[in-house]
Amino acid sequence: MGGWAIAIHGGAGVDPNLPEERQEEAKRVLARCLQIGIDALRASVRAVDVVEIVVRELETDPVFNSGRGSALTRKGTVEMEASIMDGRGRRCGAVSGLTTVKNPVSLARLVMENSPHSYLAFDGAEDFAREQGVEVVDNSYFITEENVGMLKLAKEANSIMFDYRVPLPVVDTCSGSAGSIMATVDDALQMNGLPISIYAPETVGCVVVDSNGWCAAATSTGGLMNKMNGRIGDSPLIGSGTYACNLCAISCTGEGEAIIRSTLARDVAAVMEYKGLGFQEAVDFVINERLDEGKAGLIAVSRNGEVGYGFNTNGMFRGCATEDGFMEVGIWE
Ligand code: ASP
């Protein structure tokens, strides 16, 4: 047994020009939430409880795209989703389309423990929240001024943003006359067309192995800015955005549609199980072989107390720590 380990993320796909103060703010929140997880693990709290505690904290902080501060739908509303998986017994719970539940991850936990199902969505999930007596608030609680500004820009650019960058208009370089803006598709995707001050970090997740070697994972999000109402991403989908078993636990972030088609979280466990890959090898394999370029990242822990991550975006807000004293909070490669 390798001791406990924890990793958290606050989203993948970071603007390379993100101002220093925004980077520091995100890192401060990550460090604070990581410490909450470390303290819980030192106090022998079980993995599944630790991931819930940490994700609740990240949901409550408006810096990240989950709970308060969630990305907005086309209609300017918030539809949140979350999932949790306990590797011990491979139990899981998930929720989507939440509009009033203050901490979606805790409702996902209740689906896992107090319902006969694995996944509840929209009105049924809201009804279940009332039945279970979880804290509910008005939808406006989740909406920040910054996100209202961002939705406006996303609409103007006719873009659904997973990383809050708006591609600049693409001009055909062959027919573009002298003096016109010459941008190829690649250039456009590289360029940041947004005023930097309205940039914000993203989806949150936490993976933990406790000192008994049990693994758990949780992910929570508002989804993509300017998403269609009713859109469901990878975060609540067990096997795509979240997975835990007796070998490892994984939480993903990035463009949900790409993560779903790669079954990213489950594939890390699957290549360990079926291909016999080592833990970090498995993480690298799915990032390099399964995922479309520039789309996503993940955090992971193994039952042996290893912690790992990988991403093929510009960066990923993350933090990790292990029982032997290793601790890191970072954004870039
Ligand atoms: N994966 C999330 C989604 O597609 C977004 C993110 O990770 O930032 O809903």
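See the structure above.
Residues numbered from 1 in each chain as written. Predicted model: local features only at pLDDT ≥ 70, side-chain atom pairs only at ≥ 80, totals over all residues. Heavy atoms only, no water.

A closer look at the packing of helix H1 (residues 20-42) against helix H2 (residues 47-60)
Moving on, step 1. Interaxial distance between H1 and H2 falls to 9 Å at its minimum, and their mutual angle equals 155°. As the angle between them shows, H1 and H2 are arranged roughly antiparallel. Here H1 runs over H2; the crossing is right-handed. Packed against H1, whose contacting residues are Val-29, Arg-32, Cys-33, Ile-36, Gly-37, Ala-40 and Leu-41, the element H2 presents Val-50, Ile-53, Val-54, Glu-57 and Leu-58 at the interface. (Axes fitted to C-alpha atoms, helices over the stretch in contact; angles between N-to-C directions. Helix = DSSP H or I, 4+ residues; strand = E, 2+ residues; numbered from the N terminus. Parallel < 35°, antiparallel > 145°, perpendicular 65-115°, else oblique. Left-handed = near helix turned anticlockwise from the far one by under 90°. Contact = heavy atoms within 4.5 Å.)

A short note on the pairing of strand S5 (residues 204-209)
Moving on, step 1. Within S5, 6 of the 6 residues are buried, leaving the element largely enclosed by the surrounding structure.
Moving on, step 2. Burial of S5 is two-sided: the residues Val-204, Cys-206 and Val-208 facing one way and the residues Gly-205, Val-207 and Val-209 facing the other way are all buried.
Moving on, step 3. Strand direction decides the pairing type here: strand S1 (residues 5-12) and S5, joined by 5 bridges, are antiparallel. Across the sheet, residue Ile-8 finds its bridge partner in S5, namely Cys-206.
Moving on, step 4. Of the pairings in the sheet, the one linking S5 to strand S6 (residues 215-221) comprises 6 bridges and is antiparallel in character. If you follow Val-204 over to S6, its bridge partner there is Ser-220.
Moving on, step 5. Connecting S5 to the next strand, S6, in antiparallel fashion are 5 residues, including Gly-213 with a positive phi near 85°. (Buried < 20%, exposed > 50% of the residue type's maximum accessible area, 1.4 Å probe, protein only. Pairing = 2+ DSSP bridges.)

Quick notes on the environment of Val-101
Moving on, step 1. Locating Val-101 in the fold gives a position in the loop between strand S3 (91-98) and helix H3 (104-114).
Moving on, step 2. Sequence separation between Val-101 and Val-134 is 33 residues; the distance between their C-alpha atoms is 7.2 Å.

What to know about the sheet that holds strand S9 (residues 296-302)
Moving on, step 1. Spatially, the 4 strands line up as an open sheet ordered S7-S8-S9-S10, and their pairing is antiparallel. Either end of the sheet is taken by a strand with one partner, and the two such strands are strand S7 (242-244) and strand S10 (307-311). Across the sheet, the mean angle separating the axes of adjacent strands is 10° when strand polarity is ignored.
Moving on, step 2. One ladder, built from 3 bridges, connects S7 with strand S8 (residues 248-254); its direction is antiparallel. Note that in S8 the partner of Ala-244 across the bridge is Ala-249.
Moving on, step 3. Running over the sheet, helix H8 (residues 264-274) touches S7, S8 and S9 and is turned about 145° from S8.
Moving on, step 4. Helix H9 (residues 279-290) contacts S9 and S10 of the sheet and is inclined by roughly 15° relative to S10.

Remarks on the site of the ligand
Moving on, step 1. Neighbouring residues of the ligand: Glu-202, Thr-203, Gly-223, Leu-224, Arg-231, Asp-234, Ser-235, Thr-253, Gly-254 and Gly-256.
Moving on, step 2. One nitrogen or oxygen atom from the side chain of Thr-203 is found 2.9 Å from an oxygen atom belonging to the ligand.
Moving on, step 3. Within the backbone of Gly-254, a nitrogen or oxygen atom sits 2.7 Å from a nitrogen atom of the ligand.
Moving on, step 4. Out of a free accessible area of 270 Å², the ligand has 100% covered by protein chains.
Moving on, step 5. Of the residues belonging to the shell around the ligand, the class tally is 1 nonpolar, 6 polar and 3 charged. (Near = heavy atom within 4 Å. Polar contact = N/O pair within 3.5 Å; in protein donor to acceptor, adjacent residues only side chain to side chain. Areas by Shrake-Rupley, 256 points an atom, 1.4 Å probe, with all protein chains shown as cover. Nonpolar A, V, L, I, M, F, W, Y, C, P; charged D, E, K, R; others polar.)

Points about the nonpolar core
Moving on, step 1. Of all hydrophobic cores here, the largest spans 56 residues; its most connected members are Ile-6, Phe-64 and Leu-107.
Moving on, step 2. With 8 residues, the single largest contributor to this core is H1.
Moving on, step 3. Counting 40 residues, the second-largest nonpolar core is a separate cluster that includes Ala-265, Ala-269, Val-307 and Met-316. (Core = buried A, V, L, I, M, F, W, Y, C linked by side-chain atoms within 4.5 Å.)

Focus on the environment of Ser-140
Moving on, step 1. With respect to the helices and strands, Ser-140 occurs in the loop between helix H4 (122-132) and helix H5 (145-156).
Moving on, step 2. Ser-140 gets classed as partly exposed once you look at its relative accessible area, which sits at 45%.
Moving on, step 3. On a C-alpha basis, the gap between Ser-140 and Thr-99 in space is 9.3 Å, while along the polypeptide they are 41 residues apart.
Moving on, step 4. A distance of 2.7 Å separates a polar atom in the side chain of Ser-140 from a polar atom in the side chain of Asp-138.

Comments concerning unusual backbone geometry
As a rule of thumb, non-glycine residues mostly have phi less than zero, and peptide bonds are mostly trans rather than cis.
Moving on, step 1. Of note, Ser-44 is a non-glycine position whose phi angle comes to about 65°, a positive value.
Moving on, step 2. Note that Ser-44 resides in the loop between H1 and H2.
Moving on, step 3. One non-glycine residue with positive phi stands out, namely Thr-263, at about 35°.
Moving on, step 4. Tracing the chain through its elements places Thr-263 in the loop between helix H7 (256-262) and H8.

Focus: the packing of aromatic side chains
Moving on, step 1. Taken as a whole and assessed by the stated rule, the structure comprises 3 aromatic pairs.
Moving on, step 2. Consider the rings of Tyr-309 and Phe-311, whose centres lie 6.4 Å apart with planes at 15°: the pair is stacked.
Moving on, step 3. Since its relative accessible area comes to 24%, Tyr-309 is described here as partly exposed.
Moving on, step 4. Geometry around Tyr-141 places Arg-68 over its ring, the cationic atom sitting 5.7 Å from the centre. (Phe/Tyr/Trp six-rings, centres within 6.5 Å; stacked < 30°, edge-to-face > 60°. Lys NZ or Arg CZ within 6 Å of the ring centre and 35° of its normal.)

A word on the side chain of His-9
Moving on, step 1. Its place among the elements puts His-9 in strand S1.
Moving on, step 2. Side chain to side chain, His-9 and Ser-251 meet in a polar contact 2.9 Å long.
Moving on, step 3. Polar side-chain contacts of His-9 include one of 3.4 Å to the backbone oxygen of Cys-252.
Moving on, step 4. Non-local contacts of His-9, meaning those with residues more than four positions away in its chain, are made with Leu-30, Leu-58, Thr-203, Val-204, Gly-205, Ser-251, Cys-252, Thr-253, Ile-299, Phe-317 and Arg-318.

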